[in-house]
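# A structural walkthrough
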Amino acid sequence: MAYQLLALYHHPESASAFDKHYDEVHAPLAARLPGLRAYTATRPAGQDPAYHLVAVLTFDDEAAFNAAMGSDVGQQAVADLANFAGGGVTMLTGPAATVV
């Protein structure tokens, strides 16, 4: 069963600075995680969305996720959060089942 990391980024003080760093530094770094099968990033639309950005990273299973996060790239990605996610980020992990 696939295993996912959901990163729910709270609204930053400067959306433009957040977006620039996320798009140019963080996303390319996270995309290099070993074993990563899929990676989507959504900037929620609508009036007053709860989050600025939602990222979903999918791995084959929990072991692949743990290996990725324990890798050098995983550690760099976690450390990079301090460089742009000053508004905070909520991380959720768990098995993902396909519904449709």
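It should be noted that the structure appears before, not after, this text.
Keep in mind that what you see is a predicted model, and the values were worked out from it rather than measured. (Residues numbered from 1 in each chain as written. Predicted model: local features only at pLDDT ≥ 70, side-chain atom pairs only at ≥ 80, totals over all residues. Heavy atoms only, no water.)

### Section: the overall build of the protein
Per the secondary structure count, the protein includes three helices and four strands. Shown N-terminal to C-terminal, the secondary structure of the protein runs as helices and strands in the order β-α-β-β-α-α-β. Rg of the C-alpha trace for the protein: 14 Å, near the compact-globule value of 13 Å for 100 residues, within the 12% margin. Dimensions of the protein, computed from the C-alpha atoms along their principal axes, are close to 35 × 35 × 20 Å. Burial statistics for the protein: of 100 residues in total, 36% are counted as buried. Summarising the internal contacts of the protein: among those between residues at least 6 apart in sequence, 70% fall at separations of at least 24. (Helix = DSSP H or I, 4+ residues; strand = E, 2+ residues; numbered from the N terminus. Rg over C-alpha atoms; globule rule 2.2 N^0.38 Å. Buried < 20%, exposed > 50% of the residue type's maximum accessible area, 1.4 Å probe, protein only. Contact = heavy atoms within 4.5 Å.)

### A short note on the packing of helix H2 (residues 62-70) against helix H3 (residues 72-80)
At a closest axis distance of 4 Å, the pairing of H2 and H3 adopts a crossing angle of 70 degrees. On the basis of the axis angle, H2 is roughly perpendicular to H3. When H2 is examined against H3, the residues Ala68, Met69 and Gly70 are found in contact with a partner set consisting of Asp72, Gly74, Gln75 and Val78. Within the contact of H2 with H3, the residues separate by chemical class into three nonpolar, three polar and one charged. (Axes fitted to C-alpha atoms, helices over the stretch in contact; angles between N-to-C directions. Parallel < 35°, antiparallel > 145°, perpendicular 65-115°, else oblique. Nonpolar A, V, L, I, M, F, W, Y, C, P; charged D, E, K, R; others polar.)

### Let's talk about the sheet that holds strand S3 (residues 53-59)
The strands making up a sheet are joined through hydrogen bonds of the backbone, oriented either antiparallel or parallel. Strands sit in the order S2-S3-S1-S4 across an open sheet of four strands; the sheet is antiparallel. Across the chains shown, the open sheet's two edge strands, defined by having one partner strand only, are strand S2 (36-42) and strand S4 (89-96). Averaged over all adjacent pairs, the angle separating strand axes in this sheet is 15 degrees, with direction ignored. (Pairing = 2+ DSSP bridges.)

### Some remarks on the pattern of salt bridges
All told, the structure shown has four salt bridges when counted by the stated rule. For lysine 20, the salt bridge is made with glutamate 24, and the minimal N-O distance between the two is 2.9 Å. Highlighted residues: lysine 20 and glutamate 24, both in helix H1 (residues 15-30), separated by four residues, approximately one helical turn. With a relative accessible area of 49%, lysine 20 lands in the partly exposed category. (Salt bridge = Lys/Arg side-chain N within 4 Å of Asp/Glu carboxyl O.)

### Points about the environment of tyrosine 3
Relative to the assigned elements, tyrosine 3 resides in strand S1 (residues 2-9). Separated by 92 residues in the primary sequence, tyrosine 3 and proline 95 place their C-alpha atoms 4.3 Å from one another. Contacts of tyrosine 3, omitting those with residues within four sequence positions, involve Leu57, Thr58, Phe59, Asp60, Asp61, Glu62, Phe65, Thr93, Gly94, Pro95 and Ala96. Polar side-chain contacts of tyrosine 3 include one of 3.4 Å to the side chain of threonine 93. (Polar contact = N/O pair within 3.5 Å; in protein donor to acceptor, adjacent residues only side chain to side chain.)

### Topic: the nonpolar core
Core analysis: the largest hydrophobic core is formed by 23 residues, its most contacted members being Tyr9, Tyr22, Leu33, Ala55, Leu57, Phe59 and Phe84. Secondary structure elements with two or more residues in this core: S1, H1, S3, H2 and H3. A total of five residues in this core trace back to one element, the largest contributor, which is H1. Among residues more than four places away in sequence, those in contact with leucine 57 are Tyr3, Gln4, Leu5, Ala30, Leu33, Leu36, Ala38 and Tyr39. (Core = buried A, V, L, I, M, F, W, Y, C linked by side-chain atoms within 4.5 Å.)

This is a description of form; function is not addressed.
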